[in-house]
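Each chain, written out:
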Amino acid sequence: MASVSGGVALSCPSKLSHRPSSSSSSSSHRRYVSASSVKMAVSVDDKKKSYTLQKSEEAFKIAKIVPFTNGLAKEFSCTFSCSKNSMNVIRDIDPKGSIGTSIELMPGGVNSPVRAFKSVGGQPILIDSVKGSHMWDIDGNEYIDYVGSWGPAIIGHADDEVLAALAETMKKGTSFGAPCLLENVLAEMVISAVPSIEMVRFVNSGTEACMGMLRLARAFTGREKIIKFEGCYHGHADPFLVKAGSGVATLGLPDSPGVPKAATYETLTSPLNDLSTVENLFEANKGEIAAVILEPVVGNSGFIPPKPGFLNALQKITKENGALLVFDEVMTGFRISYGGAQEYFGITPDLTTLGKIIGGGLPVGAYGGRKEIMEMVAPAGPMYQAGTLSGNPLAMTAGIQTLKRLKEPGSYEYLDKITGELIHGILDAGKKAGHAICGGYISGMFGFFFTEGPVYNFGDAKNSDTAKFARFYRGMLEEGVYFAPSQFEAGFTGLAHTPEDVQRTIEAAEKVFRQI
């Protein structure tokens, strides 16, 4: 674990402009640091393109408020010449441009709230393509990407080996609705890697994994109450939308409308890193608490690591009270180490949820734990949970290929090195420009807050200057750097990020810090 305040001064090339080739090296080490990989990811163009989001703005307005009427498909095809494939799809399904009548296409113009840029302002960008550590929007702007599809792209976007494996799998079909051998392969990889998991159930999202985990914890213990921590996000299921993080924190929403009081009545909350509150909750609810669930390293209210000894203390108090300790490792699993946060900190929980990386960029989730607990899941036991696309061959294939790459020697050492250089450089640049800023990192996960700190919980994180973060964010976009559009989200690096990416980012941060 690293919390940093110093920095390194790095120079870097001028604005990125061209897409990398799709070739990949046969050596994982060379793939990360060789001259060929640097050339693939970074090129120099002295003529800086004027930054514009005109096409993104037009498309976003259409998605948000404009109905499909006669001729709209034609308007799309004329307006967005850089997205011809998308336009071909529209023309194929609606050649006369007559889809729908007077409807909004998507609430707020997006399919997940944080993408709407509500907390940072300005025009949301619409992505056209991704490759390696870079992404391109429909206006042709190129960005160094530190979101990585919110975590899954740890070996890089559109990895050639993953795409090739998916192409072969698709020849056999995209979904069977029946068992396939690929499920066994990925299950064995997960079980061998994650200390707490002796059996695993695959699902289709992190939210679904946490739903199944909660039902299982209650079924196994015969209790209903749970303890979660303020600012931790465990998906959008009703019991978890109490003082939640992620988009709930980003948008400043209260506990969500539509959630019955009965659904959250058994959900108890505590500030993160506050053991005394947890002890008081156990004392006040003796014999009633089924589980304590947390992100072992919080990413959904910004990057917040546990205080030394906090996870150990939670393990002790849950055992003493007959409750289960649950690590939500949807974000940290296979990211801060191959065995996740539990391997990194040496704490083995009773149950674990996973997602993101184990699907290699395709929809996936999983929950697992001790065999005696998991044997309660149907059809082995009475706790029912099912899913049409669970264990589908495409997600299993992408997950297998991603974990194979991560297991190669030097993967996590490389992530630690480049992430350390990145966060040190950003914090150092911010402090030199006179800004209050703090942050830290572990392996390929990082974050920073516009406050002096330290930040130990969501209450501390809310002291951040979110208006300043918004200005910083928009400035970095114009410099070709894409962070998560919220002060309350962690950032991610991957094996495709190069030293030149990091240097370019630090130079951009120095410039923007001076401007804001």
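The structure reproduced in this document is the subject of the present report. Computed from a prediction, not measured in an experiment: that's the story for all the values here.

## A look at the overall build of the chain
- When its secondary structure is counted, the chain shows 19 helices and 15 strands.
- Going through the 516 residues of the chain one by one, you find that 55% of them count as buried.
- Residue pairs in contact within the chain that sit at least 24 positions apart in sequence constitute 75% of those at least 6 positions apart.

## Things to note about the sheet that holds strand 2 (residues 127–131)
- Strand order in the open sheet made by the 4 strands is 2-3-4-14, with mixed pairing throughout. Among the strands making up the open sheet, the edge pair consists of strand 2 and strand 14 (481–482).
- Note: strand 4 (residues 142–145) against strand 14, 2 bridges, orientation parallel. Paired with Ile-144 across the two strands is Val-481, which belongs to strand 14.
- With respect to the sheet, helix 19 (residues 499–515) is in contact with strand 3 (134–137), strand 4 and strand 14, its orientation differing from that of strand 4 by roughly 105 degrees.

## Digging into unusual backbone geometry
- With an omega dihedral of 10 degrees, the bond running from Ala-378 to Pro-379 counts as a cis peptide bond.
- Positive phi, close to 65 degrees, is recorded for Asn-273, a residue that is not glycine.
- Residue placement: Asn-273 occurs in the loop between strand 7 (267–270) and helix 11 (275–284).
- Look at Asn-273 and you get buried, because its relative accessible area is 10%.
- Of note in this structure, Phe-334 is not a glycine but carries a positive phi near 65 degrees.
- Within the secondary structure, Phe-334 sits in the loop between strand 9 (324–328) and helix 13 (340–345).

## Focus: the side chain of Lys-225
- With respect to the helices and strands, Lys-225 occurs in strand 6 (residues 225–229).
- For Lys-225, a relative accessible area of 14% corresponds to the buried category.

## Let's talk about the sheet that holds strand 10 (residues 351–355)
- An order of 5-11-10-9-8-6-7 is seen for the 7 strands of this open sheet, with the pairing classed as mixed. The sheet terminates laterally at strand 5 (199–203) and strand 7, the two strands that pair on one side only. Averaged over all adjacent pairs, the angle separating strand axes in this sheet is 20 degrees, with direction ignored.
- Two elements, strand 9 and strand 10, share 3 bridges in a ladder whose sense is parallel. Note on strand 10: the bridge partner recorded for Val-326 is Leu-351.
- Docked against the sheet, helix 7 (residues 181–193) engages strand 5 and strand 10, running at close to 125 degrees with respect to strand 5.

## Details of helix 18 (residues 466–478)
- Taking 1.5 Å as the rise per residue, helix 18 with 13 residues should run 18 Å; its terminal C-alpha atoms sit 19 Å apart, in good agreement.
- Taken together, the buried positions of helix 18 are Lys-468, Phe-469, Ala-470, Phe-472, Tyr-473, Gly-475, Met-476 and Leu-477.
- In this structure, the buried residues of helix 18 make contact with strand 4, strand 13 (445–449), strand 14 and helix 19.
- Regarding helix 18, its N-cap is Asp-465, as a side-chain oxygen of that residue lies 3.3 Å from the backbone nitrogen of Ala-467 further along.
- Two residues or fewer past helix 18, Gly-480 is found with a positive phi of approximately 85 degrees.

## So, the nonpolar core
- Membership of the largest hydrophobic core comes to 69 residues, with the highest contact counts inside it found for Val-190, Phe-334, Leu-406, Phe-448 and Phe-483.
- Examining the composition of this core, we find that 9 residues originate from one element, helix 16 (residues 411–432), more than from any other.
- Not counting chain neighbours up to four residues away, the residues in contact with Phe-448 comprise Ile-423, Ile-426, Leu-427, Ile-437, Cys-438, Gly-439, Phe-469, Phe-472, Phe-483 and Gln-487.
- Of all hydrophobic cores here, the second largest spans 27 residues; its members include Val-278, Ile-304, Phe-327 and Cys-438.

## Some words on the pattern of salt bridges
- For the structure on display, the rule yields 13 salt bridges.
- The partner of Asp-159 in a salt bridge is Arg-405, and the shortest N-O contact between them spans 2.8 Å. Of this pair, Asp-159 sits in the loop between strand 4 and helix 6 (160–170) while Arg-405 sits in helix 15 (residues 393–406); the two residues are 246 residues apart in sequence, bridging distant segments of the chain. Neither residue differs from the other here; Asp-159 and Arg-405 are each classed as buried.
- Between Glu-283 and Lys-286 there is a salt bridge, with its nearest N and O atoms 3.2 Å apart.
- Overall, Lys-286 belongs to the exposed group, its relative accessible area being 57%.

## Concerning the packing of aromatic side chains
- Going through the model one piece at a time under the given rule, you end up with 19 aromatic pairs.
- Residues Phe-458 and Phe-488 carry aromatic rings whose centres are separated by 5.6 Å and whose planes lie at 80 degrees to one another, so their mutual orientation is edge-to-face. Within this pair, whereas Phe-458 is found in helix 17 (residues 458–461), its partner Phe-488 is found in the loop between strand 14 and strand 15 (491–492), the two being separated by 30 residues in sequence.
- The structure contains a cluster of three or more aromatic residues connected by ring pairs, namely Phe-117, Tyr-146, Phe-446, Phe-448, Phe-450, Phe-469, Phe-472, Tyr-473, Phe-483 and Phe-513.
- Its guanidinium or amino end placed over the ring of Tyr-456, Lys-307 lies 4.4 Å from that ring's centre, counting from NZ or CZ.

## Looking at the packing of helix 6 against helix 15
- The contact between helix 6 and helix 15 brings their axes to 9 Å, and the two run at 150 degrees. Considering their axes alone, helix 6 and helix 15 lie roughly antiparallel with respect to each other. In the packing of helix 6 onto helix 15, the handedness of the crossing is right-handed. Seen from helix 6, the contacting residues are Glu-161, Val-162, Ala-165, Leu-166, Thr-169 and Met-170; seen from helix 15, they are Pro-393, Leu-394, Thr-397, Ala-398, Gln-401, Thr-402 and Arg-405.

## A look at the environment of Lys-316
- Position of Lys-316 relative to the elements: it lies in helix 12 (residues 310–320).
- A residue is classified by how much of its surface remains accessible, and Lys-316, at 52% relative accessible area, is exposed.
- Of the polar contacts made by the side chain of Lys-316, one reaches the side chain of Glu-320; its length is 2.5 Å.

## Focus: the environment of Asp-328
- By secondary structure assignment, the location of Asp-328 is in strand 9.
- Along the primary structure Asp-328 and Met-213 are separated by 115 residues, whereas in three dimensions their C-alpha atoms are 9.5 Å apart.
- Polar contacts involving the side chain of Asp-328 include one to the side chain of His-234, which spans 2.7 Å.
- One polar contact links the side chain of Asp-328 to the main-chain amide nitrogen of Val-330, over a distance of 3.1 Å.

Criteria and thresholds
Residue indices follow the written sequence of each chain, beginning from 1 at its first position. Residues qualify for local features only when their pLDDT is at least 70, as the model is predicted, and side-chain atom pairs are given and counted only at 80 or more; totals for whole chains, interfaces and linings, by contrast, use all residues. Values reported for side chains reflect all heavy atoms of the structure, with hydrogen atoms and water molecules removed beforehand. Under the scheme used here, helices are H or I runs from DSSP no shorter than 4 residues and strands are E runs no shorter than 2 residues, and both carry numbers assigned from the N terminus. Relative accessible area decides the class of each residue, using a 1.4 Å probe on protein chains only: under 20% of the type maximum gives buried, over 50% gives exposed, and in between gives partly exposed. By the convention used here, residues are in contact when the closest approach between their heavy atoms is within 4.5 Å. One requirement defines pairing of two strands: DSSP has to find at least two bridges between them. To get an axis, a line is fitted to the C-alpha atoms, and for a helix only the part in contact is used. The angle between two axes follows their N-to-C directions and goes from 0 to 180 degrees. For a helix, the expected span equals 1.5 Å multiplied by the number of residues minus one. Side-chain atoms alone can form a polar contact between residues adjacent in sequence; in general such a contact is a pair of N or O atoms within 3.5 Å, and within protein one must be able to donate a hydrogen while the other accepts it. Here, nonpolar core refers to any group of buried Ala, Val, Leu, Ile, Met, Phe, Trp, Tyr and Cys residues whose side-chain atoms link them within 4.5 Å. The rule for a salt bridge is simple: a side-chain nitrogen of Lys or Arg has to be within 4 Å of a carboxyl oxygen of Asp or Glu. Only Phe, Tyr and Trp rings are paired, with Trp represented by its six-membered ring, and only when their centres lie within 6.5 Å; those with planes under 30 degrees apart are stacked, over 60 edge-to-face, the remainder tilted. Geometrically, a charge over a ring is one whose NZ (Lys) or CZ (Arg) sits within 6 Å of the ring centre while staying within 35 degrees of the ring normal. Angular relationships are summarised with four words: roughly parallel below 35 degrees, roughly antiparallel beyond 145, roughly perpendicular across 65 to 115, and oblique for the angles in between. Left-handed is the label given to a crossing in which the near helix is rotated counterclockwise from the far helix by less than a right angle, and right-handed is the label when the rotation is clockwise.

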